[in-house]
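This is what each chain is made of:
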Amino acid sequence: MSIGCLAPGEIPQPVAVITGGWAKERDRSLMSGREVADTLTTMGLAPRVIDLEDDREILVERLHGVGLAFLAIAGRGAEDGRLQGLLETLGVPYTGSGVLASALGMNKLAAKTIVAFAGVRVPKGCRVDDEAKAETEAARIAELLGLPVILKPVSEGGSIGLRTAHTQHDVVDAILSCAGEDLMAEVYHPGRSVSVGVLVDLATDTARVLAPLEAETPDGVYSFAAKRGGDCTYYCPARVEPDTVRALQLQAVTAHRALRCHSYSRHDFIVTDSGEALWLEVNTLPGLTRTGNLARMADVDGIAYEDLIAHILRGACIDRRAHA
């Protein structure tokens, strides 16, 4: 699989860099947007930066005449298929996965069902019934899954809202603190948090799996606080056995294809103490700063940041419907 610099005139201009937005990951999106826009400029392209929150009412006007849209954004309203649907309607080519893959990937329960059917191993879990009493639901979850469990929003990124519950009382607290939120529960598996990046050359349908990245935290949970607070140590390649690396690579590609992701994706796993790789979720629009997880994995794999951005741009120029 060849990943390299862009040829003159290869990308239609101007390129709209859509960033920001109103989701809880707005800050991460803005950082990605700035670095992507700066990189496109150094590559000789003409980026038009659009903040989805500030420009929401005039988004269609701002998109008029653009050659393609680079989605340097994450979270609700952007990573869940809504933005992709608008761009499809307007006939604007865009980077990343399409409407269906984006919507499925954002819904962790739906995504788990699909990848598990494709043979990917996932933790046992269930939806939290928001119409049941918290105490009743906590007892049901404890009986079904055992304790401890992980509770998290069904459709949120960046580990936002993730909590570990060691007792039924903890489960009750988590449910009550997230009243009105669509929640899910999963069996808690102690182990290593590992991410795996997948790049696909759409011209040849060849997948390249990047070096797995491990995130070590004091409590063993790759939470929002650990990601944002800097209390996290990264290892790339991940400190796992060769057989586990092969399992991670196979499952990441299988999940990418099962969800119909396009061009690139990042997959999060927990590698248990026994070495079993369990798929947790997909990031269809992972962060794209130079120090972000995907760029870090690409760098270890010998892919410069500029070449990673070029690969993502090329993906927008190939009709994703032909690869569905």
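This report concerns the structure included in the present document. (Residues numbered from 1 in each chain as written. Predicted model: local features only at pLDDT ≥ 70, side-chain atom pairs only at ≥ 80, totals over all residues. Heavy atoms only, no water.)

1. What about the packing of aromatic side chains?
Turning to step 1, where the next piece is worked out: Following the criterion strictly, the structure yields zero aromatic pairs and no others.
Turning to step 2, where the next piece is worked out: Above the ring of W22, the side-chain terminus of R56 is found at 4.0 Å from the ring centroid.
Turning to step 3, where the next piece is worked out: Looking at R296, its charged tip hangs above the ring of Y234, at a distance of 4.4 Å from the centre. (Phe/Tyr/Trp six-rings, centres within 6.5 Å; stacked < 30°, edge-to-face > 60°. Lys NZ or Arg CZ within 6 Å of the ring centre and 35° of its normal.)

2. Quick word on the packing of helix α1 (residues 26-42) against helix α11 (residues 305-316)
Turning to step 1, where the next piece is worked out: The N-to-C vectors of α1 and α11 enclose an angle of 95°; their axes lie 11 Å apart at closest approach. Between α1 and α11, the interaxial angle falls into the category roughly perpendicular. Contact with α1, carried on its side by E35, V36, T39 and L40, involves Y305, E306, I309 and L313 of α11 and no other residues of that element.
Turning to step 2, where the next piece is worked out: For the contact of α1 with α11, a count of residues per class yields five nonpolar, one polar and two charged. (Axes fitted to C-alpha atoms, helices over the stretch in contact; angles between N-to-C directions. Helix = DSSP H or I, 4+ residues; strand = E, 2+ residues; numbered from the N terminus. Parallel < 35°, antiparallel > 145°, perpendicular 65-115°, else oblique. Contact = heavy atoms within 4.5 Å. Nonpolar A, V, L, I, M, F, W, Y, C, P; charged D, E, K, R; others polar.)

3. Notes on the sheet that holds strand β3 (residues 68-71)
Turning to step 1, where the next piece is worked out: The parallel open sheet is built from three strands, whose spatial order is β2-β1-β3. Whereas interior strands pair on both sides, the edge strands pair on one side only; in this sheet they are β2 (47-51) and β3. Recorded for the sheet is a direction-independent mean angle of 30° between the axes of neighbouring strands.
Turning to step 2, where the next piece is worked out: Note that strand β1 (residues 15-19) and β2 share five bridges and pair parallel. Among the inter-strand pairings, V17 is bridged to a residue of β2, identified as V49.
Turning to step 3, where the next piece is worked out: Helix α3 (residues 82-90) rests against β1 and β3 of the sheet, and its axis sits at about 175° to β3. (Pairing = 2+ DSSP bridges.)

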